[in-house]
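Single-letter residue listing:
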Amino acid sequence: MGPLSSSGFYVSRAVALLLAALAAALLLALAVLAALYGRCARVQPSDLHHSGVPDAASSPRGTQEEQLPTWPPRPTREPAGTATPGHWRPPGPWDQLRLPPWLVPLHYELELWPRLRPNEFQSPTLSFTGRVNITVRCTAATARLLLHSLFLDCESAEVRGPLSSGARDGAVGRVPVDDVWFAFDMQYMVLELGATLQPGSRYELQLSFSGLVYRDLREGLFFSIYTDQGERRALLASQMEPTFARSVFPCFDEPALKATFNITIIHHPSYGALSNMPKLGQSEKRDVNGSVWTVTTFSTTPHMPTYLVALAICDYDHVSRTERGQEIRIWARKDAIANGNAAFALNITGPIFSFLEDLFNISYPLPKTDIIALPTFDNSAMENWGLLIFDESLLLMQPNDQVTDKKAVISFILSHEIGHQWFGNLVTMNWWNDIWLKEGFASYFEFGVINYFNPKFRRNEVFFSNILHHVLSEDHALVSRAVSLKVENFTETSEINELFDLFTYNKGASLARMLSSFLNENVFISALKSYLKTFSYSNAEQDDLWRHFQMVVDDQSKILLPAPVKSIMDRWTHQSGFPVITLNVSTGAMKQEPFYLGKVKNQTLLTHNDTWIVPILWIKNGITQSLVWLDKSSKIFPEMQVSDSDHDWVILNFNMTGYYRVNYDNVGWKKLKQQLEKDPKAIPVIHRLQMIDDAFSLSKNNYVEIETALDLTKYLAEEDEIIVWYAVLVNLVTKDLVFDVNNYDMYPLLKKYLLKRLISIWNMYSTVIRENVAALQDDYLALVALEKLFETACWLGLEDCLQLSRELFKHWTNHPGNEIPYPIKSVVLCYGVAFGSDEEWDFLLNMYSNKTKEEERIQLTYAMSCSKDPWILHRYLEYAVTAAPFTFNETNIMEVVAESEVGRYIVKDFLINNWQAVSERYGTQSLVNLMYIIGRTISTDLQITELQQFFGNMLEEHQKLTVRAKLQTIKNKNVENKKRNARMTAWLRKNT
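Residues numbered from 1 in each chain as written. Predicted model: local features only at pLDDT ≥ 70, side-chain atom pairs only at ≥ 80, totals over all residues. Heavy atoms only, no water.

What to know about the environment of Thr992
Its place among the elements puts Thr992 in the segment after helix H28 (957–991). For Thr992 and Leu750, which are 242 residues apart along the polypeptide, the C-alpha to C-alpha distance reads 8.4 Å. Separated by 2.5 Å, the side chain of Thr992 and the backbone oxygen of Leu988 make a polar contact. (Helix = DSSP H or I, 4+ residues; strand = E, 2+ residues; numbered from the N terminus. Polar contact = N/O pair within 3.5 Å; in protein donor to acceptor, adjacent residues only side chain to side chain.)

Dropping the structure here:
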C-alpha cells in the first residue's frame with residue numbers, strides 16, 4: 001500500500017502512473033500552446049525597418065501568408081504564463097488590470113497588412129501582419145516593459161534608445177531584449193530587457209506581429225461579406241473600443257495614454273483604404289509571390305487614445321460636401337450611393353458639426369470626416385475621430401422609410417456620434433469608470449441638436465420616451481449600479497465591456513439634463529466650454545467636470561446652490577437608484593426615500609450612505625414656481641400647501657427634468673384627478689405623461705394603491721395626445737395580461753372601459769392612416785406610439801380596427817409593392833395571419849424567402865407565429881427544427897411561437913417527441929427559455945412540479961438546479977399579479 005496523497009486520498013501505483021502520464025501530456029500541450037502564442041524571434045538590427053512589415057525573404061517565418069498561426073476561435077481567457085512553460089512567474093504588475101506608469105507613449109508608427117483579396121473570402125478568418133514602432137518616454141527606471149497584446153503572434157521585438165533629437169538613426173543605441181512572454185489574464189506582452197531604461201529618456205519599441213481577422217466578430221479587425229451590384233463582396237473594418245486595439249497591434253491600450261499615430265495600410269489594389277486622417281500618399285510593393293499591393297499612408301493624427309484608431313478597406317463609393325472647409329464624405333455600397341440613400345445623412349452632418357462648434361466655441365480639429373456605412377455593425381455606430389463607422393440601417397434612408405421614425409433615428413445617432421468628437425475624442429475620460437462623461441453627454445446633446453434644427457420638436461416628451469422612461473423602469477436601489485464607479489472596483493477587462501449599458505447612456509444623459517435644469521442653460525454651457533477647452537487633447541475625471549461647474553457658479557450671483565456642485569452631483573453619480581419624492585399637500589411636508597422594486601411596508605433597508613440633494617422644480621395651478629431643494633430626508637414647504645378649492649393643485653418635477661419619481665398624499669392625487677377630469681389641457685402634456693407613468697410604477701411597487709393609478713385614467717376620453725395614451729396602454733395592457741387566459745373575467749370590463757375612451761383618439765389616427773398616412777412622417781411621437789394604439793384597439797375587438805387591418809393586409813397581398821404603413825405593419829401582418837388560412841401564411845413564407853434585410857425577415861417570422869391553426873404552427877416548428885425549406889436563422893422560432901396565444905400549447909406538445917432535435921438546433925439553454933415562456937402564468941407549486949417533470953429529461957443536471965428557483969420567482973410574481981388584477985377587476989366593475 002502506497003502513502004496517502006497530501007489530500008488524504010489513497011492513490012494506487014496504477015493510478016499514480018496514469019496521473020503522471022496525464023500531467024506529462026498536459027505539460028506537452030502547454031508547450032505547444034506556448035510555441036503557438038508566445039513565439040518571439042529576436043532579429044538583427046538590419047532586419048528592422050522604421051516602418052513596414054519585413055519582406056518575406058527576411059521574415060523569420062518565411063512566407064508571411066501560408067505559415068501564419070491557425071489556432072481555434074478566440075477563447076475568452078488563457079492561463080497566465082502559458083507562453084513560457086517551465087518558468088513560474090511570481091506575482092507582479094502583469095496581475096493588475098492597469099498598466100504600470102513606467103512608460104508614456106508619445107507616438108505610434110503603425111502599419112497593417114490584412115490579406116483581403118477579391119473573391120477569396122470563403123474562410124471564416126483572414127491573416128494579417130503588421131509592424132508598430134512606439135516612441136515612449138520613460139518615467140521610472142525599469143528593465144521590464146509591459147504593454148497590451150492579445151491573440152497576436154510576436155515576430156520580432158527590439159528597443160532602441162535612448163533617443164535624442166540630433167542623433168542619426170544608425171547612431172542610436174539598442175537595449176537588449178532577453179525575453180518576451182505573455183500574461184494572458186490581463187492581456188499583456190512583457191519584454192524582459194538586458195539593461196535598465198532611464199527616467200526622462202525616450203525610447204522606441206519596434207515590434208512586428210501577425211494575427212487573424214475574424215468574419216463578423218466586431219472586435220478589433222473584422223471582415224464582412226455583402227452583396228452589391230449583384231455580386232458578393234467583402235470589406236474589412238475595425239472596432240477598437242473599448243479594449244480591442246490590443247488584438248490588432250501591441251499598444252498601451254488605456255484611454256489616458258494618448259499619442260499621435262502615423263498609420264499605413266497595405267491592401268489589394270482593387271480596394272480603397274480609409275483611416276482617421278486624410279490620405280498622405282500611395283505606393284506599391286510586391287509580396288513573395290510577385291503580387292502587387294497598394295501601400296496607403298495617412299497624415300498624423302492628433303493626440304488620441306488607442307480606442308479611436310480606425311481603418312476600413314473596401315470597394316465602396318461615396319458622396320461628399322464641404323462644411324466650413326471640412327470635407328465630409330459618406331461611404332456606402334455602390335448601389336446605395338447610386339440610389340441616393342446617403343443624401344439625408346450627408347445633408348444634416350455638416351450643420352450638426354457647425355452647431356456644436358458654435359455651441360462650445362471649439363472648432364472641429366480634423367480636416368475631414370469620413371462616415372462609412374457597413375452592411376452589418378450590430379445595429380450600432382462608433383465615433384472614431386475622422387472615420388465614423390455605422391451600421392447602414394442607422395445611416396441610410398430607403399425609399400420605403402418615409403413613414404417611419406428612420407429620419408429621427410438617423411438624426412439622433414449622427415448627433416450622438418458627432419457629439420463624441422468633443423465628449424470623448426477631444427476630452428477623454430481618464431479611465432472607463434467615468435465613461436458616462438462621454439456617453440451621457442453625447443446622449444444628452446442629441447436632443448439639443450435636433451431641437452435646434454426643428455423648433456417644433458417636443459423635446460421633453462421625446463426625452464421621456466427615448467431616455468427617461470427606460471432607465472427609470474430598470475433603476476432601483478438594491479441591484480442597479482452607479483453611473484460613476486471607483487477604479488478599484490474593476491478586476492477584469494471583461495467588466496469594462498459591461499459598462500456600455502442603460503445606466504451609462506440614459507442615466508448619464510438624465511443627470512446631465514437635471515444639472516442643466518437647476519443651473520440654467522447658460523451656466524451649464526459656460527461650464528462645459530471651460531471644461532472642454534481646459535482638457536482638450538487630454539483626459540479628465542468626474543471631479544474635473546465638477547470643478548469647472550463650480551468655477552462658473554462662483555463667478556455669478558443669480559444661481560444659489562445649497563451645497564457645492566460636487567456634493568450635489570456625487571450623490572447622484574456614486575449611488576445606485578433614485579429617490580421617490582412624496583409631498584403631503586395638506587401640510588407641505590416633503591420626504592425622500594430610495595425607490596425599491598416591490599417595496600414592503602415599513603422597509604428601512606438602505607444601501608446609501610446619505611440622502612440625495614434633490615432639486616425640486618414645480619408648478620402650482622399651472623404656474624411655474626421658484627426652485628427649492630430637498631437636501632435632507634424630509635422638509636416642510638408651506639408654499640406647497642393647497643386649499644380646498646377645486647382649482648388648487650401642485651405638480652413636482654417640472655418638465656420631468658429631475659431624476660426621480662413623485663408621489664403625493666391621497667389629497668394630492670385626488671386634486672390632480674379632479675383637474676384632469678375638469679380641464680386636462682390645463683396640465684401640460686409632459687405632466688399628464690408623468691402622472692400616468694409615476695402612478696402606475698409606484699402602484700406596481702407598493703408605494704400607492706392600484707386604484708390611485710386607475711383613477712387618473714377616467715378622463716381619457718378627452719385625451720388627444722397619443723404619447724399619453726401610449727403610457728396608459730403599456731401599463732394597462734401588458735404582455736402578461738394578454739398572455740394570461742385566466743384574466744377572462746377582467747377582459748370584458750377592460751374592453752368596455754377602454755373602448756369608450758379610446759374611440760376618439762382611434763378615429764383621429766385611423767382617418768390619417770386611411771387618407772393621408774404621409775402626414776405622420778414628421779410626427780415622431782405618433783410613429784413611436786401608434787403601434788401600441790393599433791394593437792390594443794384590435795385586441796379589444798374594435799371592429800373598425802379589425803376591418804382596417806383586413807383592408808391593409810388584403811391590399812398588400814394583392815399589390816406587394818404597396819407597403820403597409822410601417823408603424824402598424826407588424827400588427828396588420830399578425831392579424832392577417834391570425835384571421836387567415838394557410839394561403840395567407842404561405843404568402844408570408846414566400847415573402848420571407850424574397851427578403852434580404854434581417855429586420856424585415858424577423859418581422860415576418862413573428863407574424864407567421866400569429867396563426868391560430870394548430871397544424872400550421874406545428875408545420876412551422878418542423879420547418880424551424882429541420883431548417884427546411886429555410887433556416888430561419890434570424891431568431892429562435894420555437895421561442896417566438898411559444899410567446900403566441902395558441903403557440904405555447906403547440907410548442908409543449910411538439911417538445912414531447914422533438915425535444916432532442918430542438919436542443920440540437922437551438923441549444924439546451926433554449927429548452928430552459930421555453931420552460932420559462934410556457935410557464936409564465938404558473939401560480940402554484942403544483943404547476944412548478946408538473947413543469948419540471950415535463951422538462952425533466954430534457955435539461956442537463958446543472959440546469960435543473962437553477963430552474964426551480966426561477967420558476968418560484970415567476971410564481972411569486974404571478975401571485976402578486978393575481979391580487980393586483982383582482983383589485984383592477986373590482987375597480988373596473990365599479991367604474992364601467
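Side note on empty space enclosed by the protein
Throughout the structure, instances matching the rule amount to 8 cavities of 30 Å³ or more. Each pocket or cavity is described by its volume, and for the second largest cavity that value is around 60 Å³. Phe464, Ser465, His469, Leu689, Asp693, Ile723, Tyr726, Ala727 and Val730 together form the lining of the second largest cavity. At the level of elements, helix H6 (459–474), helix H13 (685–700) and helix H15 (722–732) are the ones that each hand at least two residues to the lining of the second largest cavity. Counting residues per element, the lining of the second largest cavity draws most heavily on H15, at 4 residues. Among the residues making up the lining of the second largest cavity, the classes are represented as 6 nonpolar, 2 polar and 1 charged. (1 Å grid on protein atoms, 1.4 Å probe; cavity = no way out; pocket = protein on both sides within 12 Å on 5 of 7 lines; lining within 4 Å. Points joined across faces, edges and corners; volume = space filled by probe spheres on them. Nonpolar A, V, L, I, M, F, W, Y, C, P; charged D, E, K, R; others polar.)

Some words on the packing of helix H21 (residues 838–850) against helix H22 (residues 854–864)
One can describe the packing of H21 onto H22 by two numbers: an axis separation of 9 Å at closest approach and a directional angle of 160°. Considered as vectors, H21 and H22 are oriented roughly antiparallel to each other. Every pair of crossing elements has a handedness; the one defined by H21 and H22 is left-handed. For the pair H21 and H22, the contacting residues are Trp841, Leu844, Leu845, Met847, Tyr848 and Ser849 in the first and Arg857, Leu860, Thr861, Ala863 and Met864 in the second. Classifying every residue of the contact of H21 with H22 by side-chain character gives 8 nonpolar, 2 polar and 1 charged. (Axes fitted to C-alpha atoms, helices over the stretch in contact; angles between N-to-C directions. Parallel < 35°, antiparallel > 145°, perpendicular 65-115°, else oblique. Left-handed = near helix turned anticlockwise from the far one by under 90°. Contact = heavy atoms within 4.5 Å.)

What about the layout of surface pockets?
Taken as a whole, the second largest pocket encloses approximately 570 Å³ of empty space. In this structure, the second largest pocket is lined by 25 residues; those nearest its centre are Ala408, Ile450, Asn454, Phe457 and Asp778. Within the residue set of the lining of the second largest pocket, elements represented by two or more residues are helix H3 (343–360), helix H4 (406–419), helix H5 (436–453) and helix H18 (780–795). The element that contributes the greatest number of residues to the lining of the second largest pocket is H3, accounting for 5 residues. Taken together, the residues of the lining of the second largest pocket break down into 13 nonpolar, 6 polar and 6 charged.

Focus: the confidence of the model for the chain
Averaged over every residue, the pLDDT of the chain is 89; the share at 70 or more is 89%. Counted against residues more than four places away or in other chains, residues 1–86, with its pLDDT under 50, gives 135 contacts. (pLDDT = per-residue confidence, 0-100.)

What about the packing of aromatic side chains?
Enumeration over the complete set of coordinates arrives at 54 aromatic pairs. Pairing Trp385 with Tyr537 gives two aromatic rings, centres 6.2 Å apart and planes at 40°, and the pair type is tilted. Of this pair, Trp385 sits in the loop between strand S19 (381–382) and strand S20 (387–391) while Tyr537 sits in the loop between helix H9 (521–534) and strand S22 (538–540), and the two are 152 residues apart along the sequence. Classification of Trp385 by relative accessible area gives buried; the value is 0%. (Phe/Tyr/Trp six-rings, centres within 6.5 Å; stacked < 30°, edge-to-face > 60°. Buried < 20%, exposed > 50% of the residue type's maximum accessible area, 1.4 Å probe, protein only.)

Topic: the state of the cysteines
Under the definition given, this model contains 2 disulfides. The disulfide that involves Cys794 links it to Cys801, with 2.0 Å between the sulfurs. Residues Cys794 and Cys801 are joined through a disulfide that is left-handed, its torsion about the S-S bond being -90°. Residue Cys794 is classed as buried on the basis of its relative accessible area, which comes to 3%. With relative accessibility at 0%, the residue Cys801 sits in the buried group. Bridging Cys830 to Cys866, the disulfide has an S-S length of 2.0 Å. Taking the sign of the S-S torsion, -105° for the link of Cys830 and Cys866, the bridge is left-handed. With a gap of 36 residues between them, Cys830 in helix H20 (residues 825–834) and Cys866 in the loop between H22 and helix H23 (870–882) connect regions that are remote in the sequence. (Disulfide = S-S within 2.5 Å.)

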